[in-house]
Amino acid sequence: MPAGTQRERMGGCRLSDIWIGIIMGIVEGLTEFLPVSSSGHMILTAHLLDFTGERAKTFEIVVQFGAVLAVLVLYRRRFLSLLNFNLAKSKGLNALHVVMAMFPTFVAAVLFYSPIKTYLFGPMTVVWALVAGGILMIVAEKANRRITAETLDDLTYRQAFGIGCFQILSLWPGFSRSGSTISGGMLLGASKTAAAEFTFIVSVPIMFGASGYDLYKSWEYLDWADWPLFLTGLGASFLVAMLAVVTFINLLKRISYTWFAVYRFVLAAVFFFVIL
């Protein structure tokens, strides 16, 4: 069988690898840190491009590292400051905040990894997650709450742990890590911008760990011939994610969080009629 025919059969690709990498990388970069579900967008885009199979799943794991790298670059000074474990400080974000936010999700992922992979990675479950996440976002926006953490440095350990508990919802594909943690932060007294920035910071070690483990499990599907696809997607994801994060923070200061929920409902409808 000719190599090109075999490649199309394995990946279901109708576009060149470079174009698939660019398109999927842009989608990942745009949606990974917005409360709109990157997994939902990636599944929908892959379906429209007819880009499926184990090769496609491995690509989706690899391309996430581009988005993570974007946050590392944008918040590099903040990450360097987290290396200081001076817990005696009366105020200011430190590494313990991040650890406490990661802990609930880490425990849940270890305990429920197999059931999550078996039962929650389906088109219909993604639709329900989009809707449920949108409802949570509206509740967070409309709730009568008192803001006690205007900035990152105002967050308490209790708030960090509580945000981590909300982050467990992100294990449900389609719910969105940003959607769950930003909403949780708002309900716990953090401003939208503080909750969003804390979400970005906590997502880096979470995504490195989760994507690294998934990549290890998918190592057999990596092929040197696929590196143009992977590198193109990685680069596109990195550049677009940098722009998306900065734009999102500015948008949160100007528009209602409810608009992102409305978008999720529209996406759920599109997902339902296109995929199902």
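Throughout what follows, the structure given in this document is the object of discussion. Note that the coordinates shown come from a computational prediction; the quantities given were computed from them, not determined experimentally.

## Considerations on the overall build of the protein chain
(1) Moving on: Counting its secondary structure elements, the protein chain contains twelve helices and zero strands.
(2) Moving on: Starting at the N terminus and walking to the C terminus, you meet the elements of the protein chain as α-α-α-α-α-α-α-α-α-α-α-α.
(3) Moving on: Taking 2.2 N^0.38 as the reference for a compact globule, 276 residues should give roughly 19 Å; the C-alpha atoms of the protein chain span a radius of gyration of 19 Å, in line with that estimate.
(4) Moving on: Over its C-alpha atoms, taken along the principal directions, the protein chain stretches across nearly 65 × 40 × 35 Å.
(5) Moving on: Counting every atom, the protein chain has about 13,500 Å² of accessible surface; 68% of that belongs to carbon and sulfur.
(6) Moving on: Here the protein chain contributes 21 positively and 16 negatively charged side chains, and the mean placements of these two sets differ by 10 Å.

## With respect to the pattern of salt bridges
(1) Moving on: One pass over the full model with this rule turns up six salt bridges.
(2) Moving on: A salt bridge links Lys57 to Glu54; its shortest N-O distance comes to 3.9 Å. Of this pair, Lys57 and Glu54 both sit in helix α4 (residues 54-74), three residues apart, which is roughly one turn of the helix.
(3) Moving on: Its salt-bridge partner being Asp153, residue Arg78 comes within 2.9 Å of it at the nearest N-O pair. One end of the pair, Arg78, is in helix α5 (residues 76-81); the other, Asp153, is in the loop between α7 (123-142) and α8 (157-167), and 75 residues separate them in sequence.

## What about the nonpolar core?
(1) Moving on: Counting 41 residues, the largest nonpolar core has Val71, Phe198, Phe200 and Phe248 as the members making the most contacts within it.
(2) Moving on: Excluding its chain neighbours within four sequence positions, the residues that come into contact with Phe248 are Phe33, Leu34, Pro35, Ile182, Ala196, Phe200 and Phe260.

## Examining the packing of aromatic side chains
(1) Moving on: Inspection of every chain in the model, using the stated rule, returns twelve aromatic pairs.
(2) Moving on: Centroid distance Phe33 to Phe200: 5.7 Å. Interplanar angle 80°. Geometry classified as edge-to-face. Taken together, the residues span a long stretch of sequence, with Phe33 in the loop between α2 (17-31) and α3 (38-49) and Phe200 in helix α10 (residues 192-217) at a distance of 167 residues. For the pair Phe33 and Phe200, a shared accessibility class is recorded, and that class is buried.
(3) Moving on: Seen from their ring centres, Phe51 and Phe59 are 5.7 Å apart, and the 75° between their planes marks the pair as edge-to-face. In this structure, Phe51 and Phe59 share a single accessibility class: buried.

## Details of unusual backbone geometry
(1) Moving on: At Ser37, a residue that is not glycine, the phi angle is positive and equals roughly 75°.
(2) Moving on: Note on placement: Ser37 falls in the loop between α2 and α3.
(3) Moving on: When its relative accessible area of 1% is taken as the criterion, Ser37 is described as buried.

## Let's talk about the packing of α8 against helix α9 (residues 177-187)
(1) Moving on: At a minimum axis separation of 8 Å, α8 and α9 run at an interaxial angle of 145°. Handedness of the crossing formed by α8 with α9: right-handed. On the side of α8, the interface is formed by Ile163, Phe166 and Gln167, while α9 contributes Arg177, Ser180, Thr181, Gly184, Gly185 and Leu187.

What counts, and where the lines are drawn
Residues numbered from 1 in each chain as written. Predicted model: local features only at pLDDT ≥ 70, side-chain atom pairs only at ≥ 80, totals over all residues. Heavy atoms only, no water. Helix = DSSP H or I, 4+ residues; strand = E, 2+ residues; numbered from the N terminus. Rg over C-alpha atoms; globule rule 2.2 N^0.38 Å. Areas by Shrake-Rupley, 256 points an atom, 1.4 Å probe, with all protein chains shown as cover. Lys, Arg positive; Asp, Glu negative; His and termini not counted. Charge placed at Lys NZ, Arg CZ, Asp CG, Glu CD. Salt bridge = Lys/Arg side-chain N within 4 Å of Asp/Glu carboxyl O. Core = buried A, V, L, I, M, F, W, Y, C linked by side-chain atoms within 4.5 Å. Buried < 20%, exposed > 50% of the residue type's maximum accessible area, 1.4 Å probe, protein only. Contact = heavy atoms within 4.5 Å. Phe/Tyr/Trp six-rings, centres within 6.5 Å; stacked < 30°, edge-to-face > 60°. Axes fitted to C-alpha atoms, helices over the stretch in contact; angles between N-to-C directions. Left-handed = near helix turned anticlockwise from the far one by under 90°.

Nothing here speaks to function; it is geometry throughout.
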